[in-house]
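Structural overview
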Amino acid sequence: MTAKREQALSAAIELLGTGGLRALTHARIDEQAGLPKGTTSNYFRTRAALLAGVVEWMLEQETPAVSAALHRPSSADEFVDEACRLIDFMTGPNRTVTAARMVLWVEGAHDETLRQALMRGRARMADLVVPALARLGARDPDAAAQALAACFDGLFMNRIARHVETDARPIFETVVRGALAQTV
């Protein structure tokens, strides 16, 4: 990926995460990134192409860290620790990116192409989470991954949109321990 394209995508995420969807225009991205006029539209001819590019770039940036975090845990406690570290990172230092993702989710409710890109991203994350839960002995790793995703979504909403610093640990402990509980 070229440096200018990366600059444009980084600026797009910054604009989405700080100003919402209305802040996102090709011209504003060029200005935010310090790029010559027209640079962003050379890489992304349409708004749809731009939004799809942002989703894909977010995934490229985050997948290695998520993958590394999920390969470490060898117990439920360690998995919960990693989930807590991840939510703290995503709503702390990575808050703008997470806010941008939330903007995209809402827009995806009205845009089938964007929704499909977001769902592909969700599936890629599930591909990382499901094996980790299976390795720990989850009865139904797919359902457990969906439950964890719902917890992350809710915590994002609380921490980003509502500015409520919900303690993630008891939430993740409940879901992970429930997923790993043996049937009687």
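Residues numbered from 1 in each chain as written. Predicted model: local features only at pLDDT ≥ 70, side-chain atom pairs only at ≥ 80, totals over all residues. Heavy atoms only, no water.

A word on the confidence of the model for the protein
How we decide: Confidence of the predictor at the level of single residues is given by pLDDT, which spans 0 to 100. The numbering of helices and of strands both runs from the N terminus, where a helix is a DSSP run of H or I of at least 4 residues and a strand a run of E of at least 2.
Taken residue by residue, the protein gives an average pLDDT of 93. The fraction at 70 or more is 98%. Mean pLDDT values for the elements of the protein range from 90 in helix α4 (residues 47-71) up to 97 in helix α2 (residues 26-33).

Concerning helix α1 (residues 3-19)
Quick note on the threshold: Expected helix span is taken as 1.5 Å per residue step, with the number of steps being one fewer than the number of residues. The cut-offs for exposure are 20% and 50% of the maximum accessible area for each residue type, with area from a 1.4 Å probe on protein chains only; residues under the lower value are buried, those over the upper are exposed, and the others partly exposed. We call two residues contacting when some pair of their heavy atoms lies within 4.5 Å.
Between its first and last C-alpha atoms α1 spans 24 Å; for 17 residues at 1.5 Å apiece the expected length is 24 Å, and the two agree. Listed as buried for α1 are Ala8, Leu9, Ala11, Ala12, Ile13, Leu15 and Leu16. Turning to α1, the residues buried within the fold contact α2, α3 (39-43), α4 and α6 (95-108). Looking one or two residues beyond α1, the residue adopting positive phi is Gly20, at roughly 80 degrees.

A closer look at the packing of aromatic side chains
We count it as follows: Two aromatic rings, drawn from Phe, Tyr or Trp (for Trp, its six-membered ring), form a pair once their centres lie within 6.5 Å of each other, and the interplanar angle then sorts them: stacked below 30 degrees, edge-to-face above 60, tilted otherwise.
Taken as a whole and assessed by the stated rule, the structure comprises three aromatic pairs. Between the aromatic rings of Phe152 and Phe156, the centroid separation amounts to 6.0 Å while the plane-to-plane angle is 55 degrees, which identifies the pairing as tilted. Of this pair, Phe152 and Phe156 both sit in helix α8 (residues 141-161), four residues apart, which is roughly one turn of that helix. Here Phe152 and Phe172 contribute two aromatic rings whose centre-to-centre distance is 4.9 Å and whose plane-to-plane angle is 40 degrees, an arrangement assigned as tilted. Here the residue Phe152 occupies a position in helix α8, and Phe172 occupies one in helix α9 (residues 168-180), the gap between them amounting to 20 residues. The class for Phe152 is buried, based on a relative accessible area of 14%. Note on Phe172: relative accessible area 0%, which makes it buried.

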